[in-house]
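Topology and contacts: notes
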There are 2 protein chains.
Amino acid sequence: MTDKFVYDFKEGNKDMRDLLGGKGANLSEMTNLGINVPQGFTVTTEACTRFYEEGRKLWDSLKEEIEVHKKELEKINNKKFGDNENPLLVSVRSGAPISMPGMMDTILNLGLNDEAVLGLAKLTQNERFAYDSYRRFIQMFADVAMGVDKENFEEVLSAKKKEKGVEQDTELDADDLKDVVEKYKEVYKRELKEEFPQDANDQLEKAISAVFASWNNERAILYRKLNEIDDSMGTAVNVQTMVFGNMGNTSGTGVAFSRNPATGENKLFGEYLINAQGEDVVAGVRTPQEIATLHEAMPTVFDEFASISEKLENHYKDMQDMEFTIENEKLYLLQTRNGKRTVQAAVKVAVDMVHEGLIDKETAITRIEPKDLDGLLHPTFSEEALKNAEAITKGLAASPGAATGKIAFEAREAKERNDKGEKVVLVREETSPEDLEGMVSAEGILTARGGMTSHAAVVARGMGKCCVSGAHDLIVDAKNRTVTVNGKTYGENDVISIDGTSGLVYDKELEMVAPTLEGDFGEFMQWVDEIKDMKVRTNADTPRDAAQALEFGAEGIGLCRTEHMFFEKDRIFQVRRMILADNVETRKDALNNILPLQEQDFYEIYSLMKERPVTVRLLDPPLHEFLPKGKEEIEELAKDLGKTVDEVNARIAELAEVNPMLGFRGLRLAVAYPEIAQMQARAITQAALRVKEEGVNIVPEIMIPLSSDSKELAYVEKIVKEEIEKVFEEKNDKVDYLLGTMIETPRAALTSDEIAKEADFFSFGTNDLTQMTFGYSRDDAAKFLDIYLEKGIFERDPFQVLDQDGVGKLVKLAVKQGRENNPNIHLGICGEHGGEPKTVKFLYNVGLDYVSCSPFRVPIAKLAAAQATVEKKNK
Amino acid sequence: MTDKFVYDFKEGNKDMRDLLGGKGANLSEMTNLGINVPQGFTVTTEACTRFYEEGRKLWDSLKEEIEVHKKELEKINNKKFGDNENPLLVSVRSGAPISMPGMMDTILNLGLNDEAVLGLAKLTQNERFAYDSYRRFIQMFADVAMGVDKENFEEVLSAKKKEKGVEQDTELDADDLKDVVEKYKEVYKRELKEEFPQDANDQLEKAISAVFASWNNERAILYRKLNEIDDSMGTAVNVQTMVFGNMGNTSGTGVAFSRNPATGENKLFGEYLINAQGEDVVAGVRTPQEIATLHEAMPTVFDEFASISEKLENHYKDMQDMEFTIENEKLYLLQTRNGKRTVQAAVKVAVDMVHEGLIDKETAITRIEPKDLDGLLHPTFSEEALKNAEAITKGLAASPGAATGKIAFEAREAKERNDKGEKVVLVREETSPEDLEGMVSAEGILTARGGMTSHAAVVARGMGKCCVSGAHDLIVDAKNRTVTVNGKTYGENDVISIDGTSGLVYDKELEMVAPTLEGDFGEFMQWVDEIKDMKVRTNADTPRDAAQALEFGAEGIGLCRTEHMFFEKDRIFQVRRMILADNVETRKDALNNILPLQEQDFYEIYSLMKERPVTVRLLDPPLHEFLPKGKEEIEELAKDLGKTVDEVNARIAELAEVNPMLGFRGLRLAVAYPEIAQMQARAITQAALRVKEEGVNIVPEIMIPLSSDSKELAYVEKIVKEEIEKVFEEKNDKVDYLLGTMIETPRAALTSDEIAKEADFFSFGTNDLTQMTFGYSRDDAAKFLDIYLEKGIFERDPFQVLDQDGVGKLVKLAVKQGRENNPNIHLGICGEHGGEPKTVKFLYNVGLDYVSCSPFRVPIAKLAAAQATVEKKNK
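These figures come from a predicted structure and were not determined experimentally.

**Here we look at the interface of chain B and chain A**
- The interface is formed by 49 residues belonging to chain B together with 49 residues belonging to chain A.
- Looking at the side of chain B facing chain A, the largest losses of area belong to Leu662, Arg747 and Ile793 of chain B, adding up to 15% of the total buried there.
- Between chain B and chain A we count two salt bridges in total.
- Among the ionic pairs, Arg747 of chain B bridges to Asp803 of chain A, the shortest N-O distance being 2.6 Å.
- Our enumeration of links across chain B and chain A arrives at 32 residue pairs in polar contact (both at pLDDT 80 or more).
- Mapped onto the side of chain B that touches chain A, the elements with two or more residues apiece are helix H25 (645-655), helix H26 (667-672), helix H28 (710-731), helix H29 (746-750), helix H31 (766-774), helix H32 (782-790) and helix H33 (807-821) of chain B.
- Its residues assigned to classes, the side of chain B that touches chain A comprises 22 nonpolar, eleven polar and 16 charged.

**Section: the side chain of Ser777 of chain B**
- Looking at where Ser777 of chain B falls in the secondary structure, it is placed in the loop between H31 and H32.
- Residue class for Ser777 of chain B comes out buried when judged on its relative accessible area of 0%.
- For Ser777 of chain B, the side chain forms a polar contact with the side chain of Asp780 of chain B, separated by 2.8 Å.
- Not counting residues up to four positions away in its chain, the partners in contact with Ser777 of chain B are Asn659 and Leu662 of chain A together with Gln771 of chain B.

**Re the packing of helix H13 (residues 343-355) of chain A against helix H19 (residues 519-531) of chain A**
All names here are of chain A.
- The contact between H13 and H19 brings their axes to 9 Å, and the two run at 70°. Taken together, the axes of H13 and H19 are roughly perpendicular relative to one another. Every pair of crossing elements has a handedness; the one defined by H13 and H19 is left-handed. Only Asp520, Phe521, Glu523, Phe524 and Trp527 of H19 make contact with H13, whose side of the interface consists of Val347, Lys348, Ala350, Val351, Val354 and His355.
- Looking at side-chain class alone, the contact of H13 with H19 contains seven nonpolar, one polar and three charged residues.

**Overview of helix H4 (residues 116-124) of chain A**
- Every buried residue of H4 of chain A is listed here: Ala116, Val117, Gly119, Leu120 and Ala121 of chain A.
- Among the structural elements, helix H5 (127-145) of chain A are those in contact with the buried residues of H4 of chain A.

**Re helix H6 (residues 151-164) of chain A**
All names here are of chain A.
- The end-to-end C-alpha separation of H6 is 20 Å, in line with the 20 Å expected for 14 residues at 1.5 Å each.
- Turning to H6, its buried residues are Asn152, Phe153, Val156, Leu157, Lys160 and Lys161.
- Of the surrounding secondary structure, the elements contacted by the buried residues of H6 are H5 and helix H7 (174-192).
- Phi turns positive one or two residues past the end of H6, at Gly165, with a value near 70°.

**Thoughts on unusual backbone geometry**
- For Lys317 of chain A, which is not a glycine, the phi torsion comes out positive at approximately 55°.
- Inspection of the secondary structure puts Lys317 of chain A in the loop between helix H12 (299-316) and strand E9 (320-327).
- One non-glycine residue, Arg481 of chain B, adopts positive backbone phi at about 60°.
- Mapping Arg481 of chain B onto the fold places it in the loop between strand E18 (474-477) and strand E19 (482-485).

**Points about the sheet that holds strand E28 (residues 738-743) of chain A**
Residues and elements named next belong to chain A.
- Read once around its circumference, the closed barrel built from eight strands follows the order E24-E25-E26-E27-E28-E29-E30-E31, with strand pairing classed as parallel. In this sheet, adjacent strand axes meet at a mean angle of 25° when their direction is disregarded.
- Of the pairings in the sheet, the one linking strand E24 (residues 535-539) to strand E25 (residues 557-561) comprises two bridges and is parallel in character. Each bridged residue has a counterpart across the sheet, and for Asn539 the counterpart in E25 is Leu559.
- Contacts between helix H33 (residues 807-821) and the sheet are confined to E28, strand E29 (761-764) and strand E30 (826-829), with E29 contributing the most and set at about 175° to the helix.

**Quick word on the relation of the copies chain B and chain A**
- Take chain B, turn it by 179°, move it 0.5 Å along the axis, and it overlays chain A with an RMSD of 0.4 Å. What the rotation and shift describe, once combined, is the action of a two-fold rotation axis. For chain B, the smallest separation between a C-alpha atom and the rotation axis is recorded for Asn659 of chain B, amounting to 2.1 Å.
- Taken as a fraction of all interface residues of chain B, those also at the interface in chain A reach 100%, which identifies the copy contact as same-surface.

**Notes on the sheet that holds strand E18 (residues 474-477) of chain A**
Residue and element names in this part refer to chain A.
- Ordered by their spatial adjacency, three strands build an open sheet running E18-E19-E20, and the pairing between neighbours is antiparallel. At either end of the open sheet lies a strand with only one pairing partner, and these are E18 and strand E20 (488-490). Across this sheet, the average inter-strand angle for adjacent strands is 20°, counted without regard to direction.
- Where strand E19 (residues 482-485) meets E20, three bridges bridge the pair, whose relative direction is antiparallel. Note on E20: the bridge partner recorded for Thr484 is Thr489.

What counts, and where the lines are drawn
- Per chain, residue numbering runs from 1 following the sequence as it is written.
- Chain A is the first chain written and ligand 1 is the first ligand written, with later ones labelled in order.
- Whole-chain, interface and lining totals are the exception, using all residues; otherwise, since this is a predicted model, local features are given only for residues with pLDDT of at least 70 and side-chain atom pairs are given and counted only at 80 or more.
- With hydrogens and water set aside, each side-chain value is computed from the structure's full complement of heavy atoms.
- In this description, contact between two residues means that some pair of their heavy atoms is separated by no more than 4.5 Å.
- Buried area: the sum, over both parts, of the accessible surface (1.4 Å probe) that disappears when the two are put together.
- By salt bridge we mean one thing: a side-chain nitrogen of Lys or Arg within 4 Å of a carboxyl oxygen of Asp or Glu.
- Whenever two N or O atoms come within 3.5 Å, that pair is a polar contact, provided that in protein one can donate a hydrogen and the other can accept it, and provided that, for residues adjacent in sequence, both atoms are side-chain atoms.
- Counting from the N terminus, the helices are DSSP H or I runs at least four residues long and the strands are E runs at least two residues long.
- The nonpolar class holds Ala, Val, Leu, Ile, Met, Phe, Trp, Tyr, Cys and Pro. Asp, Glu, Lys and Arg form the charged class, and all remaining residues, Gly among them, are polar.
- Relative accessibility thresholds used throughout: buried, under 20% of the residue-type maximum; exposed, over 50%; partly exposed, between the two (1.4 Å probe, protein chains only).
- Working convention: axes come from line fits to C-alpha atoms, limited for helices to the stretch in contact. Angles between N-to-C directions cover 0 to 180 degrees.
- With respect to orientation, any angle under 35 degrees is reported as roughly parallel, any angle over 145 as roughly antiparallel, any angle of 65 to 115 as roughly perpendicular, and every other angle as oblique.
- Should the near helix be turned anticlockwise from the far one by less than a right angle, the crossing is left-handed, and should it be turned clockwise, the crossing is right-handed.
- Take the number of residues in a helix, subtract one, and multiply by 1.5 Å to get its expected span.
- Strands qualify as paired when DSSP identifies two bridges or more between them.
- We superpose the copies by least squares over the C-alpha atoms of residues that have a pLDDT of at least 70 in both of them.

Here's what the structure looks like:
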């Protein structure tokens, strides 16, 4: 490790993000680009790591290094830190290598004290400004560095405003603020049992320490967990000369994006407040003005800002999210970074930038997190429903999409109700980082206060979650669990619908419609298809599913579960008759009745899918799943079958299993009842021959589930092959076909060398493989898995993201052994992991030929596959 | 493959068993030793393989080769095959590389026909002998080579004896036999629609083909399956000059062992029949005489035989099983082989031979199949019970041990009733190879006919199963399902007891006692202990089990299941109270009540086991296993707990699981309810400190079940460690202890590299590992596993013999990764496979430090371990 822990802005650049944090690196880069940035220095992330090694304190040599850079800053500004006449004031901000919105702790105006405030007033000829700055500093320092609840300070300020009969902070005059400062210092003393520190160096050290400490506050830890950010990277601290947006009506502060972060439209987008400082905009205390109005208020400043925005976007080749301050009509940039955006915006920006020649297609497709596409693949309200619905109010269209649910007033409550299966919309005055978990659980978020860059809006967009913010008509009474809108009051049992694309709010459930791949999204997905070199199929059991999947670009069916066909109302009786048969003849007769129906299913699917591959899995679940459970149903079945209730119950009891997951199912059924496999093989073959007559040449892929041994597989394949050959002979026609198996027991993976010799393809059934590898029943594991996730023993649910260390090892082994023993083997996955981006990338690198997932996840899987292709190429 | 398919006896030797079969190799060896063996030749096992390749027929070049060797035989004997004046007669016998008693098909007197029989009569001056030989040949040829049921022939013979008013075959004269021969030929023609073949070469080819074909008859296949003999090795065929035991009263035939095969006593043991041929002795048709009486009947022959017996035993260095024929007072040896024996005899012979200086200890311990020790480890009738019981009859003590059960009259019935859990004794007139499966299922076997070398006796000894044979008082009426003994009649619901050591039969259930390691067995096991270099522990849950295990030489406890302690009557209430607790306090209170009882359990076990290692496993089963199931029990529990029945039922429903095997159990309980693990850790530690005060220094081994991840294991270990340290502090004393885990989920094996860093030991739980690796629920798998075994898809049940290809691969991986990442790690197994010899040998070679098994299997595991040590050394 180096000895250098502090960098002046002019020493760094944008590529030093790991060391200087995102904010520090970009402040350096802007400095290098000649943009007007208040100068300062960055204490590195390595210092943060050392801070924890030292037992959460700053060490002497660091303090000396800071001193050197502080002196440099004093020289540049011609001011003196801690001086009472001409004090250098600084801001202290965190800045981690990865942006963590809402998690940062910022202190402004550091360096002020009871004497310096007088000097500042005298120097600026603005006493009100000086005391406004001082009271802000006391509050932020107390809150951020010392952990005093800011409510304490807000009470003082509210009381003062009430006393004076005013509404806005800006309406308080210098004397009012002097009084506020005195009262703030009293609060500080009351809460912390010590005086507010008057020594500037003391203030600075405490502030830097506080930023480092905030890296490990609970909110930050939760955010990193949710976003899978490495806990060990640490944060940097930026110490920067203050510029003042609160110096009067020619000053102000704002936040703006180079393009619209909600829609992607290529137009400056943002908000600012006149005579305000930093957090005022983000906190949503005052509703800010749109950036466009700055054009009239201060045209020169606006033009300069627009030009800087373009310069930065061209330089970074991505949409920028910028913070700025205007001090007496002079523009300063305080931050730039790649802007968070909705996935709709992300797609549009990426597509536009390709068209603008800023980036190439491969870059474009890496600009979107695959899982964020989910936001494009979820339903919106139907036009019909919108036509007939009357909105009760309108807020800001903060994050697009649609959501319907009962009202939840607290984050915790939202989580609890969602855990129980209830759909809720979180309704809050405004949200704060404490609400994060509740936001994850809610269908959507509705707030009464805050703008497009408020906490709720930013976080919701990050999550791809529908959000309407700043709906001022709302009167939220969380304590009494009501929200009143224009005189009408709603409670926790009332359903509301919010439209994040229009900002409209409705007091009933609205019908939703499925999304499609059109416009920019369609073009984007075309590029994805051009770039990726792994196939993406879908899991579809019915012609309806298959059609939906084709809509989303599925390149075949990786898993068609035939048992779902068995459950259909007109078939279940024959299935039950088959199961309860006393002899092979009755069983065969029942199967003969099912045969034409199964054949028709396959025929319809083949007709839809045309030449695309379709993998049909033979009957998998244990037979008892098909039998009725209720008394009445059993009686009815007995009657229909001409059996006694006791006979039916006896067979039900006989088939009952202690652990059905590890029981009599999968190809074990085919070993015991070959006639079932024969019927299915016949249905598949006859359907294939039918579509062949119509000119569609398909190669049926028949998948045998749950094998754990090559001899077992060979036994069942023989049964299937003989039946197929029989059909060929009867029909005097034939088709090519593939016979393969699922790899879903650990033993199948372990003995895949032998199994590969019997199989044309492997399809990894990672759901069951995960169950058996961990020893987790998916039906029962939630009880303890939740505890594991809560206690931090596991970082993620292995049923959602494939466990690469354990289950992944088996997959790798089977791929290796499979290819070694059968070079022509075709390898895919049909477990639900097939649509999870991390898993898709892992499987691409492991060498699968395709993944298969639910229709709605096809575009996600495709994007992940394309990114994996690019990543591999660039390695 | 060679071109030579036929060997004269003088061309072979005893080491050519794979090629010539056991019988052929030993006939060659005896020829080389100068022992009087009727000369002949062997058609090899390779010819058998080729026979199947040729489509079950002999090919031309083989026929030519046989012709050459036949000519050589004619020259030696100065007779001519197929000649009518001076015909060369031969026997044709199978002889596989591994002896298959009861499975062989033998044809004697081959070469006879309607003409040659006249020549033979003239030549021997013995017309009766000639026709006796001919009628035997017709029957054997028809039965063995052509598949005609021998009942057909026995009917003819019985009718003849009835007509003549005689009882014994020997009482029929030449004319009677001539008539019998005519009738036999009619039977042959009737059954096969062709004349009995008169051409000697035709007879020979059919006979050789029949022997080859018999390799794959159902009985042979079953025997090989039961004894795990490779199906592909094939059988050889021995064609040997006939000598005749049926030439009158100076002729005879017999079977003898160089030592007593039931007890091991070093004294010639066997039986012979005067004026009889081959199968007469084994078939049990006439009850033969003891070999000792031959000393008086033909002293010279007896002495010569005794001397040959000694010579062969010294040469083979093992007890010999010999067949001989006396033709006109001249002794011929027809076969020698290492004799089958009871395990009691095997131990005695091995120990005696070491003392006699014939073999060394390492050889001695390889002379016993480990699984056969089972026969020494089963109970016998208690002396007390025998004192008060009166036998209803006595038979031969054919295979030692004791058995009690209801009477089964048919093999099939024995299997069916046993499958349903009933204990049965198979009672038969005599047994035949068709009865094999029923013999496996029965507790013991009782026959009315047959001697010590009858089918029942030989097979029962091979199985280590109790057998009383030749109990002549029995009148078995299988059709009417009764057996009458001295006027008293018993049916299928009556219980009998048989004592295979005394031959006594009782008509009630007798108390049994456990066996001990004494005498020869004790000495033998001492050698086993000296030789083996892997430890053998036991699975014991109670002090009583532990005491039993010590008796059998256990070197520690590898698995002490604490849940069994929880089920005891005085504790289950507190356990249920703990499970149904509404809060941590009540749960802790219930656990506090269990604590002193658990501590006492461990204290008693530690006191018994002294310094030997004891591995205690923390609570493993899901909590619902402890809750009552019946309505009344639930009501009672609710009352005792002061809860409503609904409350109790609600908790039962909440805890219910779809797949408990993959559910909320093992260390998952400790993660959710740390107080349970804390209580157990405390009980273990306090017990260890108590025995320490008494001067016994034990190192408790605490085993955490069902881990699948290193972080999960570390989490639970922390809980356990902290509690132990707390106890140390409270008691101001400490002991060393080990903390380890079971490897019983596939993921634990896969991630054993990481888990090893957290564990002092691994103990393979191969029961669960087998369940999860195959995806087989042990509770449910019987339904389909039986089908798999029946259809030959699997050769053996993976819950009985460890699956080395799949589960074994995981074990190997975990051993490798475990040692690489923790060189001090201690490795063992506590699944039931730990007592299975094949598995023990596999695990020895994989490198485990110990195996642990049920108390009764400890000597078996030790012997397997010792043999593995010797095998490795000799490799």
